[in-house]
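Take a look at the letters that make up each chain.
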Amino acid sequence: QLQLLELGGGLVQAGGLLRPPCPALGPVLSRYAMAWFPQAPGKEREFVPVVTGSGTTTYADSVKGRFTISRDNAKSTVYLQINSLKAEDTAVYFCAADRSWGGRRVSEYGDWGQGTQVTVSS
């Protein structure tokens, strides 16, 4: 079982950039698909990007061109870069791991971090 820790949240201005890391402890990270799910106040967790163990990425249409997921298996860390931050990006961002191929549903992921709060001021 992976232990995930989201870092790097905080208060940022609209238009800025953020790149929170998600370091992992436990089994070899390259065996897992990794994803990020932001949860805005009063809403469900929402799929944004996933990266497979081999590096293939898939994005939700709503964030293509603005969000980038990447991984460094040697450092056991996954990153989410968010460009041109908007007020609607305000959410708790959760990092998640799936031992298989990953997907767009929360139920497909068995390991979760505690989340990091990102607040965008306009």
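A few points on the structure. (Residues numbered from 1 in each chain as written. Predicted model: local features only at pLDDT ≥ 70, side-chain atom pairs only at ≥ 80, totals over all residues. Heavy atoms only, no water.)

### Here's the deal with the pattern of salt bridges
Right, on to step 1. Tallied over the entire structure, the rule returns 3 salt bridges.
Right, on to step 2. Of the charged contacts in the structure, one is a salt bridge between R66 and D89, with a shortest N-O distance of 2.7 Å. Highlighted residues: R66 in the loop between β6 (57–59) and β7 (67–72) and D89 in the loop between β8 (77–82) and β9 (91–98), separated in sequence by 23 residues.
Right, on to step 3. With relative accessibility at 12%, the residue R66 sits in the buried group.
Right, on to step 4. A relative accessible area of 6% places D89 in the buried class. (Salt bridge = Lys/Arg side-chain N within 4 Å of Asp/Glu carboxyl O. Helix = DSSP H or I, 4+ residues; strand = E, 2+ residues; numbered from the N terminus. Buried < 20%, exposed > 50% of the residue type's maximum accessible area, 1.4 Å probe, protein only.)

### Quick look at unusual backbone geometry
Right, on to step 1. Notably, S76 is not glycine yet its phi reads approximately 50 degrees, a positive angle.
Right, on to step 2. Along the chain, the position of S76 falls in the loop between β7 and β8.
Right, on to step 3. At S84, a residue that is not glycine, the phi angle is positive and equals roughly 45 degrees.
Right, on to step 4. Tracing the backbone shows S84 in the loop between β8 and β9.
Right, on to step 5. On the basis of relative accessible area, S84 is assigned to the partly exposed category, the value being 43%.

### So, the nonpolar core
Right, on to step 1. In terms of nonpolar packing, the biggest core is built from 34 residues, with L2, L4, M34, W36, F67 and Y93 touching the most fellow members.
Right, on to step 2. When near neighbours in sequence (up to four residues on either side) are disregarded, L2 contacts A24, L25, G26, P27, L29, Y32, M34, A97 and D111. (Core = buried A, V, L, I, M, F, W, Y, C linked by side-chain atoms within 4.5 Å. Contact = heavy atoms within 4.5 Å.)

### Remarks on the pairing of β7
Right, on to step 1. Of the two faces of β7, the one holding F67, I69 and R71 is buried and the one holding T68, S70 and D72 is not buried anywhere.
Right, on to step 2. Examined bridge by bridge, β7 and β8 share 6 bridges and lie antiparallel to one another. The residue bridging F67 from the neighbouring strand is I82, located in β8.
Right, on to step 3. Counted along the chain from β7 to the antiparallel partner β8, the turn is 4 residues long, and its residue S76 has a positive phi close to 50 degrees. (Pairing = 2+ DSSP bridges.)

### A look at the pairing of β9
Right, on to step 1. For β9, a buried count of 7 out of 8 residues is recorded, marking the element as mostly surrounded by other parts of the structure.
Right, on to step 2. As judged from the 7 bridges shared by strand β4 (residues 33–39) and β9, these two strands associate in the antiparallel manner. By the bridge assignment, W36 is partnered in β9 with C95.
Right, on to step 3. Looking at chain direction, β9 and strand β11 (residues 116–121) are connected through 3 bridges and run antiparallel. Across the sheet, Y93 pairs through a bridge with T116, a residue of β11.
Right, on to step 4. Both β9 and strand β10 (residues 111–112) contribute to a ladder of 2 bridges, which runs antiparallel. Its bridge partner being in β10, A97 is matched across the sheet by D111.

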